[in-house]
Amino acid sequence: MAQGRLPFPGDYVWYDSKLGGEFSVPIGAKVKTVTEEWLAFLTEDNEDMSIPITEIHRLRAMNDSNVAGVEDMIHLDDVSEAGLLRNIRIRFGKDRIYTYTGTILVALNPNKNLGIYNKEMIQRYVGSKLADHPPHIFAIANAAD
């Protein structure tokens, strides 16, 4: 979605709900339909919403890296609170509980066993660089040597 044009169905956008408050950040959404009067979209919370076209200023285009998610958040095109949270959410939804921000490891508790703490996984990271494999606590431990 280029600046100044209406989004097309299938475009990913940031929706600023303007709810206010300390923790209010734009949320990701996928455009479903666009008419002369309304724009309908599905939020990342799977909530169907629509806004009048006169409120189009509450949407902004989402960059490709924010749509798919990245292993290292320094590669996000939109390094904002919304962009960081969306990236972590996308990865968490795929059981990717570790995400880098440069050499910093962001870790989330999956509240389930993912089978990622075994001898095979340790060996995978021994002697490797951070960028050689997906983010993991073993990569950080290896880099500390």
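As a reminder, the structure under discussion sits directly above these lines.
Remember, predicted model here, so these are calculated numbers, not experimental data.

A. Region of the structure containing the side chain of asparagine 142. Assignment of secondary structure puts asparagine 142 in helix H4 (residues 137–143). Assessed through its relative accessible area of 16%, asparagine 142 is described here as buried.

B. Representation of unusual backbone geometry in the model. In this structure, asparagine 46 takes a positive phi of about 60° despite not being glycine. With respect to the helices and strands, asparagine 46 occurs in the loop between strand S3 (38–43) and strand S4 (48–52). Backbone geometry places asparagine 111, a non-glycine residue, at a positive phi of 60°. Here asparagine 111 is to be found in the loop between strand S7 (104–107) and helix H3 (119–125).

C. Focus on the side chain of serine 128. Along the chain, the position of serine 128 falls in the loop between H3 and H4. Given a relative accessible area of 14%, serine 128 falls into the buried group. In this structure the side chain of serine 128 is engaged in a polar contact, spanning 2.8 Å, whose partner is the backbone oxygen of tyrosine 125.

Rules used throughout
Residues numbered from 1 in each chain as written. Predicted model: local features only at pLDDT ≥ 70, side-chain atom pairs only at ≥ 80, totals over all residues. Heavy atoms only, no water. Helix = DSSP H or I, 4+ residues; strand = E, 2+ residues; numbered from the N terminus. Buried < 20%, exposed > 50% of the residue type's maximum accessible area, 1.4 Å probe, protein only. Polar contact = N/O pair within 3.5 Å; in protein donor to acceptor, adjacent residues only side chain to side chain.

Limitation: the analysis is restricted to geometry and does not speak to function.
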